[in-house]
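Analysis of the macromolecular model
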Amino acid sequence: MTRVITYGTYDLLHFGHIKLLERAKALGDYLIVGVTSDDFDMTRGKINVQQPLMERIEALQRTGLADEIIVEEYDGQKIDDIRRFNVDIFTVGSDWEGKFDYLNEYCKVIYLPRTEGVSSSEVRAEQRKIRMGFVGDYESRILVKYYNECKYVNGIEISGVYARNKDIKNILGSSDIYITQDFSDFLKRCDAIYVLSHPSEHYEQIKEAIAQGVHILCESPIALKEEQFKELNELAKIKNVVLMNSIKTAYSTAYYRLLLLVKSGRIGDIISIDTTCTSIQEVDDKKYAWNSICLWGPTALLPIVQILGTEYLNINIVSRLSNDDFDQFTKIDFLYTHATATLKVGRGIKSEGEMIISGTKGYIYVPAPWWKTDYFEIRYENSSDNRRYFYPLEGEGIRYELVDFVKTINTGIESAYISSDVSGAICRVMDSFYKKENFVEI
Ligand code: CTP
């Protein structure tokens with residue numbers, strides 16, 4: 001009996017897949033199909049896959065072409081599978097020509113001609129595109145990153161920029177982009193917007209966008225008062241509009257997995273969390289530039305409220321103000337019933353940007369810059385129990401965030417990454433800062 005094996009993602013199963021499977025089957029008597037796991041696709045940078053693994057497997061089963069379906073989960077697995085299943089022929093489409101020649105050592109390798117004119121990427125691209133606009137310009141470094149990351153995400157088409165700064169064309173390196181200072185005209189051209197205006201402008205702009213039925217991904221904090229956030233959140237629900245809090249760290253695979261490990265008790269009960277985020281960046285105009293608490297506060301707060309909860313008992317703020325409300329440095333201590341946390345943020349000072357989460361059994365250490373990490377360690381009293389974790393991170397997490405935004409818009413299912421309670425708590429901390437509650441200036 002000749003045993004044949006082939007691999008693929010098989011997202012939105014199409015004619016090209018079927019043709020390949022038929023020809024693969026015809027090469028022998030028994031066909032094994034390896035389907036990539038969601039995780040494996042993520043690690044190899046395939047971030048736009050729409051169907052979860054089980055759906056892709058079920059669609060394959062319905063074709064009746066596979067005698068056996070297996071899941072491909074790690075690099076190098078093909079060699080293992082070929083040996084384990086006693087495979088005679090390995091085959092894939094000609095788009096992989098030459099890539100799997102190393103498998104000739106284990107079985108025969110055949111590249112089958114790929115069917116022209118169809119691919120999962122094209123099927124995804126044909127779906128209705130979301131016209132995405134960008135709001136804001138005074139933190140253009142961040143704007144440029146989001147703007148550039150859009151090209152990795154299926155289903156987004158950039159529709160324009162609402163900006164005061166006329167130089168934004170050059171900054172974005174794009175000459176044919178629509179740039180306006182007329183917000184309502186801008187909204188008419190958008191299905192969704194990414195908001196990076198000054199945080200004091202968010203509330204009004206988001207309110208107007210919701211009224212126009214435009215979905216919003218807003219760089220955190222969404223508002224500077226918790227009541228404002230609650231109001232916007234309610235309005236968004238009524239209008240069936242997605243209002244998402246943008247904190248790219250929430251989408252870093254390492255950070256997300258770290259949360260799961262903490263919640264499953266790997267370091268015991270959590271007693272303390274320390275986060276530090278600082279940067280030394282030129283600020284052109286303090287009136288429009290984000291101060292430390294807005295620029296870094298939401299990121300530094302994220303693990304605190306996601307792990308210890310949003311119901312802290314009290315907070316104490318120490319801040320160095322360089323003028324009015326522009327804090328060059330802020331330290332906030334949080335008191336919880338059974339835990340404590342400290343965040344330090346700075347724009348114009350530099351410190352070690354690490355995170356330490358201390359528990360009753362051990363602690364997690366994330367080296368600088370922890371907010372865009374691909375690595376962390378769990379450390380115990382007995383150092384031989386220590387574990388290191390590595391996860392790939394493409395585009396600082398922005399890419400995954402944009403994919404999640406598109407998915408949330410298309411499915412209407414609330415995103416699992418940042419809950420509205422967490423977004424609300426972040427706005428509450430901003431509120432305390434601006435009201436100078438329990439506040440000491442240094
Ligand atoms: N394939 C094919 N003809 C096509 C598309 C895919 O023969 N038009 C083959 C691939 O060569 C591979 C298998 O089908 O052997 C599974 O491919 P997969 O990567 O899942 O499909 P694509 O449509 O290429 O997906 P994407 O556009 O996301 O890369």
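Parameters and conventions
Residues numbered from 1 in each chain as written. Predicted model: local features only at pLDDT ≥ 70, side-chain atom pairs only at ≥ 80, totals over all residues. Heavy atoms only, no water. Near = heavy atom within 4 Å. Polar contact = N/O pair within 3.5 Å; in protein donor to acceptor, adjacent residues only side chain to side chain. Areas by Shrake-Rupley, 256 points an atom, 1.4 Å probe, with all protein chains shown as cover. Nonpolar A, V, L, I, M, F, W, Y, C, P; charged D, E, K, R; others polar. Pairing = 2+ DSSP bridges. Helix = DSSP H or I, 4+ residues; strand = E, 2+ residues; numbered from the N terminus. Axes fitted to C-alpha atoms, helices over the stretch in contact; angles between N-to-C directions. Contact = heavy atoms within 4.5 Å. Right-handed = clockwise from strand over helix to strand, strands pointing away. Phe/Tyr/Trp six-rings, centres within 6.5 Å; stacked < 30°, edge-to-face > 60°. Buried < 20%, exposed > 50% of the residue type's maximum accessible area, 1.4 Å probe, protein only. Lys NZ or Arg CZ within 6 Å of the ring centre and 35° of its normal.

Turning next to the site of the ligand. Taken together, 18 residues form the shell around the ligand, and within it Asp95, Thr115, Val118, Ser120 and Ser121 come nearest. One of the backbone nitrogen or oxygen atoms of threonine 9 is found 2.9 Å away from an oxygen atom of the ligand. Expressed as a share of its isolated accessible area of 570 Å², the protein-covered part of the ligand is 93%. A per-class count over the shell around the ligand returns four nonpolar, ten polar and four charged.

Let us now look at the sheet that holds strand S2 (residues 30–36). Taken together, the five strands give an open sheet; going across it, the order is S3-S2-S1-S4-S5, and neighbouring strands pair in parallel fashion. Edge positions in the sheet fall to strand S3 (68–72) and strand S5 (108–112), since each of these pairs with one other strand and no more. Across this sheet, the average inter-strand angle for adjacent strands is 25 degrees, counted without regard to direction. Packing against the sheet, helix H3 (residues 53–63) makes contact with S2 and S3, and its axis sits at approximately 160 degrees to S2.

Time to look at the pairing of strand S7 (residues 156–162). When strand S6 (residues 130–135) meets S7, the two strands line up parallel, connected through six bridges. The partner of arginine 131 across the bridge, within S7, is glutamate 157. The parallel pair S6 and S7, bridged by helix H6 (residues 140–149), forms a crossover whose chirality is right-handed. For S7 and strand S8 (residues 179–180), the ladder comprises two bridges, and the chain directions are parallel. By the bridge assignment, tyrosine 162 is partnered in S8 with threonine 180.

It is worth spelling out the packing of aromatic side chains at this point. Given two aromatic rings, their pairing is described by the distance between the two centres and the angle made by the two planes. Considering all chains together, one arrives at 21 aromatic pairs under this definition. When the ring of phenylalanine 376 is compared with that of tyrosine 391, the centres are 6.3 Å apart and the planes differ by 20 degrees; the resulting orientation is stacked. Residue phenylalanine 376 is located in strand S18 (residues 375–380), and its partner tyrosine 391 is located in the loop between strand S19 (387–390) and helix H14 (398–411); the two are separated by 15 residues in the primary sequence. A single burial state applies to phenylalanine 376 and to tyrosine 391, both of which are buried. Arginine 399 extends its terminal NZ or CZ atom over the ring of tyrosine 152, reaching a point 3.6 Å from the ring centre.

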